[in-house]
Amino acid sequence: MHLSEQEIIRRQSLDELKKLGINPYPADLFEISTTATEIHQQFPVKPEAFKQVSMAGRMMSRRIMGNASFAELQDETGRIQVYFRRDDISPGENKELYNTVFKKLLDIGDFIGVKGFVFITQTGETSIHATSLTILSKSLRPLPVVKETTDESGTVHRHDAFSDPEQRYRMRYVDLVVNPAVREVFVKRTRLVNSMRSYLNTKGYLEVETPILQPLYGGAAARPFKTHHNTLDMTLYLRIANELYLKRLIVGGFSGVYEFSKDFRNEGMSRFHNPEFTQVELYVAYKDYQWMMDLVEEMIEKVAIDLHGTTAVTVGDKVIDFKRPWKRFTMFEAIHHFTSVDISSMDEQHLRETCRKLHVPMDDTMGKGRLIDQIFGELCEPHLIQPTYITDYPVEMSPLAKKHRSKEGLVERFEAICNGKEICNAFSELNDPIDQRSRFEEQIELGKRGDEEAMTLDEDFLRSLEYGMPPTAGLGIGIDRLSMIMTNSASIQDVIFFPQMKPEKPAQPTDDQGFIVLGVRQELIPILHKLGINTAAQLREAKPGKLLNDMGGMRKKLKLEIAPVTLPEIEGWMKQG
């Protein structure tokens with residue numbers, strides 16, 4: 001295990017604390033009476049409440065000034081300044097707690113607990129005057145140093161921020177510590193789910209749970225993940241949707257059921273797609289898709305107001321207004337509107353020709369429904385910024401939706417599109433078991449043509465329909481995409497605590513000979529190692545200008561009496577590579 005200089009020093013401090021008889025990881029309960037935000041909001045309005053306080057958190061900064069020091073403590077709600085005086089936290093003859101433990105053995109990132117009273121400093125900053133100090137957890141890795149400066153106009157600038165997306169997503173625990181705004185995104189996401197759950201519960205619908213491991217995957221057009229159950233000796237699939245099980249509950253007599261579920265699709269990844277995602281699905285008996293459109297408008301409008309106090313939400317450089325009613329297009333109307341082409345009566349061959357003319361990508365596995373979906377997705381969807389309903393889809397695109405009551409060849413389905421992406425999908429659910437079997441059989445034929453997202457035939461689901469399912473409206477809303485919009489996040493990875501990532505590359509062994517081959521001076525190699533550059537390949541990936549600054553800074557830090565590196569010298573290494 002390769003340890004940095006800082007990591008070695010922190011482990012030495014850990015050992016010193018133990019030698020002093022201090023447990024750096026105590027099991028005792030530490031009573032907390034207040035938070036940083038409560039102090040800032042209520043003091044000095046309620047001074048009596050803060051004469052004795054107890055608070056815990058990470059130490060995020062420290063200024064030692066002889067026998068008195070200041071530190072900044074960060075808890076879940078924010079930061080508060082803490083004032084330490086040697087004689088207050090070490091009142092007896094032994095001043096070790098202040099002189100040795102606080103000044104020398106504590107580090108930025110350590111968890112500490114303080115007790116004391118709240119006061120306002122001479123500079124006007126609300127602070128805790130500490131009368132006791134307890135070490136709660138020793139941090140063995142240094143946090144990324146994020147510095148903030150304020151210019152003459154009052155604008156705060158962050159320097160050396162922990163901003164690399166891959167690092168942030170991979171080490172979300174660090175991201176949450178050093179980028180407090182990230183925490184608010186996830187708080188809003190939880191409030192979003194709570195708002196929807198409250199709305200659905202008020203309507204009297206029952207929240208349920210359905211299987212994640214399924215013998216057959218269904219309810220959507222997608223490729224599944226599969227696994228094997230050893231005891232049953234059978235293949236199982238991670239669900240791609242929970243639709244078919246929720247419909248079974250409608251067959252069983254429930255009038256309205258919903259589920260917030262983790263679903264899994266073995267597909268590509270992008271800033272709009274994660275293989276593990278969250279959605280809510282709702283099924284209500286004796287309703288249709290027109291009724292469901294009204295419900296979705298009402299519920300999402302409520303979510304916007306609960307989160308923002310208004311229906312108007314800022315997303316990037318746009319303002320999206322969720323106020324009812326939303327604009328509506330049929331699928332064919334939308335395609336005609338954005339392409340000036342009427343595809344409503346085209347067969348598969350004509351659709352292929354249209355795709356070629358419109359430069360829409362396609363392949364031989366696509367049937368009529370997928371071709372129409374391609375045209376819409378490529379040429380219409382990106383233009384739909386304000387929440388818009390797309391209704392009345394071709395029957396080939398919707399194997400689980402009921403045929404339209406008045407329009408031949410269409411089904412009663414809608415999608416809500418917002419900011420250029422689908423956020424929900426809903427049907428008047430198909431409850432005719434004979435028609436449903438026929439649709440499944442058509443999907444099987446598409447699968448034989450190579451369509452990897454074609455649905456399977458589920459005999460047990462068909463059997464449930466044969467017992468009779470009442471007219472039903474069904475809905476699925478993608479929580480991740482809706483969260484992106486409601487939190488003004490550019491990527492789905494920004495609203496998932498732990499998004500799926502490629503395996504982390506293991507640390508490369510050192511390759512001093514590789515450096516020498518590139519022309520690196522022997523005395524400069526230790527500097528490269530200190531900067532985490534251990535191989536010639538890593539060196540070639542570095543940016544010359546940044547590497548020049550970093551090597552210069554490390555040379556001074558290590559106090560090396562050697563000639564400084566130059567930019568032409570570094571560029572020469574790159575050319576050799």
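Residues numbered from 1 in each chain as written. Predicted model: local features only at pLDDT ≥ 70, side-chain atom pairs only at ≥ 80, totals over all residues. Heavy atoms only, no water.

Peer 1: For this particular structure, what's the right way to read the pairing of strand β4 (residues 111-120)?
Peer 2: Regular strands have side chains that alternate between both faces of the sheet. The sheet contact formed by strand β1 (residues 53-65) and β4 spans 6 bridges and is antiparallel. Counted as the bridge partner of Met-55 is Val-114 from β4. Summarising the sheet, β4 and strand β5 (residues 126-137) pair through 10 bridges and their orientation is antiparallel. Across the sheet, residue Ile-120 finds its bridge partner in β5, namely Thr-126. Hairpin connection between β4 and β5: a loop of 5 residues separates the two successive antiparallel strands, and Gly-124 in this loop has a positive phi of roughly 85°. (Pairing = 2+ DSSP bridges. Helix = DSSP H or I, 4+ residues; strand = E, 2+ residues; numbered from the N terminus.)

Peer 1: Explain empty space enclosed by the protein here, please?
Peer 2: If a probe as big as a water molecule is rolled over the atoms, it shows which places are left empty. All told, the structure shown has 1 cavity of 30 Å³ or more when counted by the stated rule. If you add up the space inside the largest cavity, you get close to 40 Å³. Looking at the lining of the largest cavity, the element that brings in the most residues is helix α8 (residues 243-251), giving 3 residues. Grouping the amino acids of the lining of the largest cavity by side-chain chemistry returns 4 nonpolar, 3 polar and 2 charged. (1 Å grid on protein atoms, 1.4 Å probe; cavity = no way out; pocket = protein on both sides within 12 Å on 5 of 7 lines; lining within 4 Å. Points joined across faces, edges and corners; volume = space filled by probe spheres on them. Nonpolar A, V, L, I, M, F, W, Y, C, P; charged D, E, K, R; others polar.)

Peer 1: Is there a simple way to think about a nonpolar patch on the surface in this case?
Peer 2: On the surface, Tyr-173, Phe-497 and Phe-498 cluster together to form a nonpolar patch covering roughly 370 Å² of accessible area. Relative to the assigned elements, Tyr-173 resides in helix α6 (residues 172-178). You can call Tyr-173 exposed: its relative accessible area is 53%. (Patch = residues over 30% accessible without salt bridge, like charges linked within 9 Å, V, L, I, M, F, W, Y side chains within 5 Å. Areas by Shrake-Rupley, 256 points an atom, 1.4 Å probe, with all protein chains shown as cover. Salt bridge = Lys/Arg side-chain N within 4 Å of Asp/Glu carboxyl O. Buried < 20%, exposed > 50% of the residue type's maximum accessible area, 1.4 Å probe, protein only.)

Peer 1: Quick question: what am I supposed to make of the sheet that holds strand β20 (residues 472-478) here?
Peer 2: Paired through backbone hydrogen bonds, the strands of a sheet run either parallel or antiparallel to each other. Read from one edge of the open sheet, 8 strands run β8-β12-β13-β20-β19-β18-β17-β16, paired in mixed fashion. The two strands at the open ends of the sheet, each matched to only one other strand, are β8 (206-207) and β16 (327-330). The pairing of β16 with strand β17 (residues 388-394) spans 4 bridges and is parallel. Residue pairing for β17: Thr-330 is matched across the bridge by Thr-391. Packing against the sheet, α8 makes contact with β12 (256-264), β13 (276-285), β19 (421-428) and β20, and its axis sits at approximately 25° to β13. (Contact = heavy atoms within 4.5 Å. Axes fitted to C-alpha atoms, helices over the stretch in contact; angles between N-to-C directions.)

Geometry only, nothing functional implied.
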